[in-house]
Amino acid sequence: MTDQHCPGFESNKTLKEVRVKCPECGKEWEVFSDEITKISKCSACGAAVDPKTCTIK
Ligand SMILES: [Zn+2]
């Protein structure tokens, strides 16, 4: 009984916020790391932003 891995639980544990910056207007906001693969919409200008490519540290 060593295989007690639950991938969903593991990704929950490592969930964190990632800062994203809109390349169009410069607005910054945060997405959760499990949403980084989804296109995010800038609330200021409405641009579709890919969090993976617009992350700031
Ligand atoms: Zn924007």
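Residues numbered from 1 in each chain as written. Predicted model: local features only at pLDDT ≥ 70, side-chain atom pairs only at ≥ 80, totals over all residues. Heavy atoms only, no water.

### Points about the overall build of the protein chain
Heads up, the rule is: Elements are defined by DSSP. Helices are runs of H or I of four residues or more, strands are runs of E of two residues or more, and each kind is numbered from the N terminus. The criterion used for residue contact is that any of the two residues' heavy atoms lie within 4.5 Å. The method behind every accessible area is Shrake-Rupley, applied with a 1.4 Å probe, and residues are considered shielded solely by the protein chains displayed.
From N to C terminus, the protein chain includes one helix and five strands. In the protein chain, of all internal contacts separated by at least 6 residues, the share reaching a separation of at least 24 is 22%. As presented, the protein chain carries roughly 4500 Å² of accessible surface, and 51% of it is formed by carbon and sulfur atoms.

### Observations regarding the nonpolar core
The condition is simple: By nonpolar core we mean a set of buried residues, namely Ala, Val, Leu, Ile, Met, Phe, Trp, Tyr and Cys, connected to one another through side-chain atoms within 4.5 Å. In this scheme, a residue with accessible area under 20% of its type's maximum is buried, one over 50% is exposed, and one in between is partly exposed, where area comes from a 1.4 Å probe on protein chains only.
Ranked by size, the top nonpolar core spans nine residues in total: Val18, Val20, Cys22, Trp29, Val31, Cys42, Ala47, Val49 and Cys54. Elements with a minimum of two residues in this core: β1 (17-21) and β2 (28-32). Among all residues touching Cys42, those that are not within four sequence positions of it are Cys22, Cys25, Lys27, Trp29, Ala47 and Val49.

### Quick word on the pattern of salt bridges
Rules: Salt bridges are defined by distance alone: a side-chain nitrogen of Lys or Arg within 4 Å of a carboxyl oxygen of Asp or Glu.
All told, the structure shown has three salt bridges when counted by the stated rule. Of the charged contacts, one joins Lys52 and Asp50 as a salt bridge, the two residues approaching to 3.4 Å between their closest N and O atoms. A relative accessible area of 48% places Lys52 in the partly exposed class. Through salt bridges with shared partners, a single ionic network connects Arg19, Glu28 and Glu30.

### As for the sheet that holds β1
Keep this limit in mind: Any two strands between which DSSP finds at least two bridges are classified as paired.
Ordered in space as β2-β1-β5, the three strands form an open sheet in which the pairing is antiparallel. The sheet terminates laterally at β2 and β5 (55-56), the two strands that pair on one side only. Judged from the two bridges that link them, β1 and β5 form a sheet pairing that is antiparallel. Residue Val20 lies in a different strand from β5, and its bridge partner there is Thr55.

### Some thoughts on the confidence of the model for the protein chain
Convention followed: pLDDT is defined as a per-residue confidence score from the predictor, taking values between 0 and 100.
Mean pLDDT for the protein chain: 86, with 77% of residues reaching 70 or above. The spread of mean pLDDT over the elements of the protein chain runs between helix α1 (residues 7-13), the lowest at 61, and strand β4 (residues 48-49), the highest at 96.

### A short note on the pairing of β1
Burial of the side chains of β1 is restricted to one face: Val18 and Val20 are buried, whereas none of Glu17, Arg19 and Lys21 on the reverse face is. Of the pairings in the sheet, the one linking β1 to β2 comprises five bridges and is antiparallel in character. Looking at β2, one finds that Glu17 is bridged to Phe32. In this antiparallel pair of consecutive strands, β1 and β2, the connection spans six residues, and Gly26 shows a positive phi of 85°.

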